[in-house]
Amino acid sequence: MNNPVVSIVRYERPRESVRKVLELAGGLDRMPHNARVFIKPNIVLWATAVAFPKWGVITTSRVVEDVVTVLREYGVGEIIIGEGPVLSTPKDHDTPAHAFQSLGYRTLEERYGVKVFNVFDRVFEKVDLGNGVKLNFNSDILHSDFVINLPVLKTHAVTVVSLGIKNLKGTIDTVSRKKCHNADPVRNLHYMISKLADPMPPMFTLLDGIYTNERGPAFDGRARRSDILIGSWDVLAGDMVGCRVLGYEPSEVPHIEAAANERGRAMDLSEITVVGETIESATSKHEYDFPFNEDESLPLPFVKMGIRGLSYRKYDTTLCTYCTPVNGATLTAIARAWTGKPWDEVEVLTGKIMKPTPGMKKTILLGKCIYQANKDHPDIQEMIAVKGCPPSTKEMVKALKKAGIDVDPKIFEDMDKLPGQFMKRYQGKAEFVEEHFRVE
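These numbers come from a predicted model, not from an experiment.

Reading the values: the criteria
Residues numbered from 1 in each chain as written. Predicted model: local features only at pLDDT ≥ 70, side-chain atom pairs only at ≥ 80, totals over all residues. Heavy atoms only, no water. Helix = DSSP H or I, 4+ residues; strand = E, 2+ residues; numbered from the N terminus. Rg over C-alpha atoms; globule rule 2.2 N^0.38 Å. Buried < 20%, exposed > 50% of the residue type's maximum accessible area, 1.4 Å probe, protein only. 1 Å grid on protein atoms, 1.4 Å probe; cavity = no way out; pocket = protein on both sides within 12 Å on 5 of 7 lines; lining within 4 Å. Points joined across faces, edges and corners; volume = space filled by probe spheres on them. Nonpolar A, V, L, I, M, F, W, Y, C, P; charged D, E, K, R; others polar. Pairing = 2+ DSSP bridges. Axes fitted to C-alpha atoms, helices over the stretch in contact; angles between N-to-C directions. Contact = heavy atoms within 4.5 Å. Arc of directions from axis to C-beta. Parallel < 35°, antiparallel > 145°, perpendicular 65-115°, else oblique. Left-handed = near helix turned anticlockwise from the far one by under 90°. Core = buried A, V, L, I, M, F, W, Y, C linked by side-chain atoms within 4.5 Å.

A closer look at the overall build of the protein chain
Regarding its fold elements, the protein chain presents 17 helices and 16 strands. Taking 22 Å as the expected radius of gyration for a compact globule of 440 residues, we find that the protein chain reaches 22 Å, a close match to that expectation. Viewed in the frame of its principal axes, the protein chain has a C-alpha envelope of about 65 × 45 × 45 Å. Going through the 440 residues of the protein chain one by one, you find that 57% of them count as buried.

Structural data, given as structure tokens:
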């Protein structure tokens, strides 16, 4: 068996660079001209109020159009672009529509005859992944002839990296996404992610590293202009090289290690042929973890601010995608509410497995799952529960105020505008190009 090939190319020119990364890795060699191709970009989330996040968070429209152009030149007839952004409710049709319009995908429909859709508007099929794991995947990707997987080259605060395999989480439904963030110590998030590529048709993965993201996957990370493209027919091989380029050994990434072990693959890249640029020339260390204090009871920025009387435990793998936005807004609101006067021993618990700390006077349970896990716990002196799934922002404001933390409700009311605050980091910096997220 020949070693899988992974190509690394510097992004220099529209179309040519994408064509090069495809050609070096044999990206079109196995695809019939009449193939039905499904393109899976990464639009992890979208804020309609500011048409952001972009750099290092979502796939560039530049790369998406370049891929479409190369496929059309090759003679591919049917091209589908499908994605399922994180939504507070699957019934939200406006946010995906706004993202597709803003990113130029509707222009791609008109110009190249591709089809663009939100996977939540389509049919899902239950797939048995073995070992008792069943997830619901978008039917269109399962029944395509060929998949072009277009993740961003970025780190992830929980999974270390978010690359080709992880990008496929956007093809499963809401119930399945929540199921991935379970409390099982063995079949946990890392295990579930490691299985996502198993039912896919033949697939070429192209990691879009025009912009990369440190402490991703979202807008609160730090974007960099990196101009790196990584491509492979073998999603695991591409991800392993992507790990190295971001500064990590594949063995440091639990879902990559699990996928490799299941396939009997070496972790040291000895079975992978790298062409184009060298790994060493492309590597730039990207931190993935948000720092907390020694006992992980408070974010380090809170410690530096002098915040006292509060415990806000570090997130874990059971904190699901649908609690995360409220969790982020809560941290922002608490930081802005600090006046220097200690709070009254308040604790905030998230996810599914955290347990209250004896001696804390007020315990806020953020979300239905953590409420169910602790509603009868004897160490809770005063329970303040926010039970929704996802939790209501209004209820979160009430909970914080009841705990004595006088947060500004507008921070929660304007959550859709919050990414715009982070966009200011990149204003006036020539390397961050807005046109990379348009189709002219």
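Side note on the layout of surface pockets
In this structure, the second largest pocket occupies an estimated 210 Å³ of space. Looking at the lining of the second largest pocket residue by residue, the classes come out as 8 nonpolar, no polar and 4 charged.

A few points about the sheet that holds strand β15 (residues 362-366)
Spatially, 4 strands are ordered β13-β14-β15-β16 in an open sheet, and the strand pairing comes out parallel. Pairing within the sheet leaves two strands with one partner each, and these edge strands are β13 (310-312) and β16 (383-386). Across the sheet, the mean angle separating the axes of adjacent strands is 15 degrees when strand polarity is ignored. Looking at chain direction, strand β14 (residues 346-349) and β15 are connected through 4 bridges and run parallel. Bridged to Leu349 within β15 is Leu365. Packed on one face of the sheet, helix α13 (residues 324-337) meets β13 and β15 and runs near 155 degrees to β13.

Some points on helix α15 (residues 393-402)
Met396, Val397, Ala399 and Leu400 are the residues of α15 that are buried. Along the axis of α15, the buried positions cluster into a sector of 165 degrees, meaning they face one direction only. Among the exposed residues of α15, those oriented more than 90 degrees off its buried face are Lys394, Lys398 and Lys402. Summarising the contacts, the buried residues of α15 are in contact with α13, β15, β16 and α16 (409-413).

Thoughts on the packing of helix α2 (residues 61-74) against helix α4 (residues 105-112)
Axes are the key here: two packed helices are described by the angle between their axes and the distance separating the axes. Viewed as axis vectors pointing N to C, α2 and α4 meet at an angle of 15 degrees, and their least axial separation amounts to 11 Å. Classed by the angle they form, the pair α2 and α4 counts as roughly parallel. As for the relative orientation of α2 and α4, their crossing is right-handed in sense. The residues of α4 that touch α2, namely those facing Ser61, Val64, Glu65, Val68, Thr69 and Arg72, are Tyr105, Leu108, Arg111 and Tyr112. Looking at side-chain class alone, the contact of α2 with α4 contains 5 nonpolar, 2 polar and 3 charged residues.

Structural notes on the packing of helix α1 (residues 16-24) against α2
Relative orientation of the contacting elements α1 and α2 amounts to 65 degrees, with a least axis distance of 9 Å. The handedness of the crossing between α1 and α2 comes out as right-handed. Of α2, the residues touching α1 (which contributes Val18, Arg19 and Leu22) are Val63, Asp66, Val67, Val70 and Glu73. When grouped by side-chain class, the residues that make up the contact of α1 with α2 number 5 nonpolar, no polar and 3 charged.

Considerations on the nonpolar core
Grouped together as the largest cluster of nonpolar side chains are 51 residues, with contacts concentrated most on Leu135, Phe137, Leu153, Ile165, Leu196, Ile230 and Val241. Sort the elements by how many residues they give to this core and helix α9 (residues 235-245) lands first, with 7 residues. Each residue touching Val241, except ones within four places of it in the same chain, is listed here: Val6, Ile8, Ile230, Leu269, Ile272, Val274 and Ile279. By size, the runner-up hydrophobic cluster in this structure holds 49 residues, among which are Ala35, Ala51, Val67 and Val76.

Read these as spatial facts, not as claims about activity.
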